[in-house]
Amino acid sequence: MARGLFPWGFFRKPLYIQARFSYLHMKYLFFSWLAVFVGSWIVYVEYSSYTEMCRGHECKNSICDKYKKGVIDGSACSSLCEKQTLYLGKCLTANPNSQVYSGSWGDLEGVIKCQMEEAPRYDLGGEPRKETSAAFNKPTKGTSVEKFREMITDHLKAKVGDQANLAELATQVLSIADGNKDSHISLPEARSTWALLQLNEFLLALVLHDREHTPKLLGFCGDLYVMEKVPHSPLYGISLPWIIEMWIPAGLRRSMDQWFTPSWPHKAKISIGLLELVEDIFHGTFGSFLMCDVSATTFGYNDRHDLKVMDARHIVPEAIFQEVIRQQRCDVDEDCLYGADCLTSCDLTKHRCTTEVTRPNLAKACDALKDYILRGAPSDMSEELEKQLYACIALKGSAEQMEIEHSLILNNLKTLLWKKISHTKDS
């Protein structure tokens, strides 16, 4: 009778539905909380990374403070610190010691680079700046223009060797030092120029000023300087969020890097530009330089598809590299690495690094170009192009030890590419 009066099925069904609803509710709350937690953590990490990496406004404030005190001066100082017509835009910094921002200066678009106080003035052989004013204490008060010229010449000689036309390069430096073009170099202008001379990138821009491999210097204030904007950078590759990047296989990632590149004739012209850069800095007018980071992010190109060096911090004078690396203590060859790929061998009898790099600039350049230039190459030349590229990549030892082979491979590659595009408008 009780069974008939109280149908237990009536109560069980609502209880089951209620339990199921409670379970789904808890599951929803858990995953919502997890999503909020993970999202907040990602935002925190990204913000912390950004604030640690992007300190351009600190750099600007430091520079403007010195400008207002009369310590430094330059063609960009007034626009940066008084007129406020030189703006820092998007942060492009990859190293907190060297701040890089997109920027605008009136009608000009550029890239603003500023050195933080703890940054060494030379990546090789330089002393870190210990104090705020230490980078701007030379030349001293009372130094004549001729004495300053002598300082510049001696400095250049120490960095690139005793070249025949150092006097010409020193004159070029003095021309840049006169920021306001009043035919007079003030002490603050001289101090700014001296600080810039300690930077590899500025030195390379001076050495290659007539070859157009480097962006033009638009202005400077202390060791903050403005370069012309390169419209297309990096040379190739796409940027993905790290959480996606970690799930992509390396082979697929290399293929993806080549998806958004110019047409093959344009890539050929850009590649020739990189080969010409290698040629120009090997026994060039002002000595030899080593390319210690030949990656896509280091280079870009303009609308005419001329190659431009975006980051020259790791293109260093060979004489300076050898002077410093021979003092490096080592137990294995890997201890003798500078930058991404300037590697020498370890002399185990002395536990000191040797001075000769294991791979020349050309081999590293060909390695960087291999996937880039082979993808989409015309069928009638792709086999020969691949053969020459692999012969180039296989080069070992310093270029001086195999100068003839080095020059032959470089010229053969340039000739092969030029022949294919010389009859087109892309050349």
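As a starting point, this report considers the structure included with it. (Residues numbered from 1 in each chain as written. Predicted model: local features only at pLDDT ≥ 70, side-chain atom pairs only at ≥ 80, totals over all residues. Heavy atoms only, no water.)

1. Side note on the overall build of the protein
In step 1: Scanning the protein from N- to C-terminus turns up 15 helices and 13 strands.
In step 2: Here the protein holds 427 residues, and 44% of them are scored as buried.
In step 3: Here the contacts in the protein between residues at least 6 apart in sequence split such that 64% fall between residues at least 24 apart.
In step 4: Entry remark: accessible area of the protein is about 23,000 Å², with carbon and sulfur atoms responsible for 56%. (Helix = DSSP H or I, 4+ residues; strand = E, 2+ residues; numbered from the N terminus. Buried < 20%, exposed > 50% of the residue type's maximum accessible area, 1.4 Å probe, protein only. Contact = heavy atoms within 4.5 Å. Areas by Shrake-Rupley, 256 points an atom, 1.4 Å probe, with all protein chains shown as cover.)

2. Details of helix H14 (residues 379–393)
In step 1: When the terminal C-alpha atoms of H14 are compared, their 21 Å separation across 15 residues agrees well with the 21 Å that a helix rising 1.5 Å per residue should span.
In step 2: Looking only at H14, the buried set comprises Met381, Leu385, Gln388, Leu389, Cys392 and Ile393.
In step 3: Contact partners of the buried residues in H14: helix H11 (264–281), helix H13 (361–374) and helix H15 (403–421). (Expected span 1.5 Å × (residues − 1).)

3. Considerations on the pairing of strand S2 (residues 98–105)
In step 1: Of all 8 residues making up S2, 6 are buried, and the element is well covered by its neighbours.
In step 2: In the sheet, strand S1 (residues 86–91) pairs with S2 via 4 bridges, with the strands oriented antiparallel. Counterpart to Leu88 in the pairing with S2 is Gly103.
In step 3: Where S1 hands over to S2, the hairpin turn is made up of 6 residues, counted between the paired strands.
In step 4: Alignment of S2 against strand S3 (residues 108–115), held across 8 bridges, turns out to be antiparallel. Within S3, the position partnered with Ser98 by the bridge is Gln115.
In step 5: Linking S2 to S3, which pair antiparallel, is a turn of 2 residues; within it Gly106 sits at a positive phi near 65 degrees. (Pairing = 2+ DSSP bridges.)

4. What about the state of the cysteines?
In step 1: For the coordinates displayed, the defined rule picks out 8 disulfides.
In step 2: Across the disulfide from Cys59 sits Cys114; the S-S distance is 1.8 Å. Judged by the torsion about the S-S bond (-80 degrees), the Cys59/Cys114 disulfide is left-handed. One end of the pair, Cys59, is in helix H3 (residues 56–68); the other, Cys114, is in strand S3, with 55 residues separating them in the sequence. In terms of burial, Cys59 and Cys114 fall into one category: buried.
In step 3: Here Cys64 engages in a disulfide with Cys81; their sulfurs sit 2.1 Å apart. (Disulfide = S-S within 2.5 Å.)

5. Things to note about the packing of helix H5 (residues 145–160) against helix H6 (residues 166–177)
In step 1: Two numbers describe how H5 lies on H6: the axes approach to 9 Å, and their chain directions differ by 125 degrees. In this view, H5 runs oblique relative to H6, as classed from their interaxial angle. Between H5 and H6 lies a crossing of right-handed hand. Taking contact as the criterion, the partners of Phe148, Arg149, Ile152, Thr153, Leu156, Lys157 and Val160 in H5 are, on H6, Leu166, Ala167, Leu169, Ala170, Thr171, Val173 and Leu174.
In step 2: A class-by-class count of the residues in the contact of H5 with H6 yields 10 nonpolar, 2 polar and 2 charged. (Axes fitted to C-alpha atoms, helices over the stretch in contact; angles between N-to-C directions. Parallel < 35°, antiparallel > 145°, perpendicular 65-115°, else oblique. Left-handed = near helix turned anticlockwise from the far one by under 90°. Nonpolar A, V, L, I, M, F, W, Y, C, P; charged D, E, K, R; others polar.)

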